[in-house]
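Spelled out from the first residue to the last, the chains are:
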Number of protein chains: 2
Amino acid sequence: MCWPVRQILARVGDKWSVLIVMALRNGPRRFNEIKRAIGTISQRMLTLTLKGMERDGLVRRTVIPSKPPRVDYELTELGHSLREPVEQLGLWAIEHEARIAKAQEAFDGKEGSAR
Amino acid sequence: MCWPVRQILARVGDKWSVLIVMALRNGPRRFNEIKRAIGTISQRMLTLTLKGMERDGLVRRTVIPSKPPRVDYELTELGHSLREPVEQLGLWAIEHEARIAKAQEAFDGKEGSAR
């Protein structure tokens, strides 16, 4: 796997980027709206990840000169093109949720008895 | 996005899991072989991620009683089913590599001139 692709895969395969793409798939949202939609992300991590995605051309940051000024984040065309593989990942997660839960239970049971 | 799916998406969308699936897609490998294939992952992160993937039923860990004993990691049937969406992500990365590099250059240029 060549280095640039590995780097991009590490970005787009990054769980926060995946969750941000899902959170922005239906249109622009503000910082706190994205944070609430994901729930488990810190202020710092969301700031860093949004900046990285902006740098990669996946997210557009727009300052709206209202009083007080408003900042919207939205997927660019490139960002929207990432939705398809990310949604495939989401569908996979939904389809296999039960099997993963069962595997976790079995693993925890084995680990518990090994202690 | 309901909580369990978000949790699984955070796992399978986790960059290290994505890179491990890619590293194991052609068959079992030893710990250090996986580490070399990914390159940028720490010993601790690889250990944690492999354990998490084993718990989720995505990876099977096999101890081979040779002298010295050998430990192989391979994708389970569930893990192999994750290859398709992960490879879609990889193809997306390859297809858009140039556009992302261009966006990064423009962003860095803008940030540089803003300082």
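- Going by what an unreviewed UniProt entry lists, chain A is known as Helix-turn-helix domain-containing protein and is assigned to Bosea rubneri.

## Some details on the overall build of chain A
Piece 1. Of regular secondary structure, chain A possesses six helices and three strands.
Piece 2. The linear arrangement of helices and strands in chain A, starting from the amino end, is α-α-β-α-α-β-β-α-α.
Piece 3. The burial tally for chain A puts 43% of its 115 residues in the buried class.
Piece 4. Counted over contacts in chain A with a minimum sequence separation of 6, partners at least 24 positions apart contribute 45%.

## What about the confidence of the model for chain A?
Piece 1. Here chain A averages 86 in pLDDT, while 87% of its residues score no lower than 70.
Piece 2. Per-element confidence in chain A is highest for strand β1 (residues 29-30) of chain A, whose mean pLDDT is 96, and lowest for helix α1 (residues 3-12) of chain A, whose mean pLDDT is 62.

## Considerations on the packing of helix α3 (residues 31-38) of chain A against helix α4 (residues 43-55) of chain A
All names here are of chain A.
Piece 1. Orientation of α3 relative to α4, taken along the N-to-C sense of each, is 115 degrees, at an axis distance of 11 Å. Regarding the angle of α3 to α4, the classification is roughly perpendicular. Taken as a pair, α3 and α4 cross one another with a handedness that is right-handed. Mapping the contact onto sequence places Phe31, Ile34 and Lys35 in α3 and Gln43, Leu46, Thr47 and Leu50 in α4.

## Regarding the pairing of strand β2 (residues 59-64) of chain A
All names here are of chain A.
Piece 1. With six bridges connecting them, β2 and strand β3 (residues 70-75) associate as antiparallel partners. Within the sheet, the bridge partner assigned to Arg60 lies in β3 and is Glu74.
Piece 2. Once β2 ends, the chain turns through five residues before running back antiparallel as β3.

## Brief notes about the sheet that holds strand β2 (residues 59-64) of chain B
Piece 1. Spatially, β1-β3-β2 (chain B) is the arrangement adopted by the three strands of the open sheet, whose pairing is antiparallel. For this open sheet the edge positions go to β1 (29-30) and β2 of chain B, each flanked by a neighbour on one side alone.

## Details of the sheet that holds β2 of chain A
Residue and element names in this part refer to chain A.
Piece 1. Overall, antiparallel pairing links the three strands, which are arranged β1-β3-β2 in an open sheet. The sheet terminates laterally at β1 and β2, the two strands that pair on one side only.
Piece 2. Across two bridges, β1 lies against β3 in antiparallel orientation. Paired with Arg29 across the strands is Tyr73, a residue of β3.

## Some thoughts on helix α2 (residues 15-23) of chain A
Piece 1. With eight of nine residues buried, α2 of chain A is to be regarded as a mostly interior element.
Piece 2. Here α2 of chain A has its buried residues at Trp16, Ser17, Val18, Leu19, Ile20, Val21, Met22 and Ala23 of chain A.

## Details of the environment of Arg60 of chain B
Piece 1. Turning to its location among the elements, Arg60 of chain B is positioned in strand β2.
Piece 2. Those residues within four positions of Arg60 of chain B in sequence are excluded, and the remaining contacts are Asp72, Tyr73, Glu74, Leu75 and Thr76 of chain B.

## A look at the packing of α2 of chain A against α4 of chain A
Residues and elements named next belong to chain A.
Piece 1. Across the interface, α2 lies against α4 with an axial gap of 10 Å and an inter-helix angle of 80 degrees. The orientation of α2 with respect to α4, classified from their angle, is roughly perpendicular. Contact with α2, carried on its side by Trp16, Ser17, Ile20 and Val21, involves Met45, Leu46, Thr49, Leu50 and Met53 of α4 and no other residues of that element.

## Here's the deal with helix α3 (residues 31-38) of chain B
All names here are of chain B.
Piece 1. Listed as buried for α3 are Phe31, Ile34 and Ile38. Taken end-on, α3 shows its buried residues confined to a sector of 70 degrees, consistent with a single buried face.
Piece 2. Downstream of α3 by one or two residues, Gly39 has phi in the positive range, about 85 degrees.

Reading the values: rules and limits
Residues numbered from 1 in each chain as written. Chains lettered and ligands numbered in written order. Predicted model: local features only at pLDDT ≥ 70, side-chain atom pairs only at ≥ 80, totals over all residues. Heavy atoms only, no water. Helix = DSSP H or I, 4+ residues; strand = E, 2+ residues; numbered from the N terminus. Buried < 20%, exposed > 50% of the residue type's maximum accessible area, 1.4 Å probe, protein only. Contact = heavy atoms within 4.5 Å. pLDDT = per-residue confidence, 0-100. Axes fitted to C-alpha atoms, helices over the stretch in contact; angles between N-to-C directions. Parallel < 35°, antiparallel > 145°, perpendicular 65-115°, else oblique. Left-handed = near helix turned anticlockwise from the far one by under 90°. Pairing = 2+ DSSP bridges. Arc of directions from axis to C-beta.

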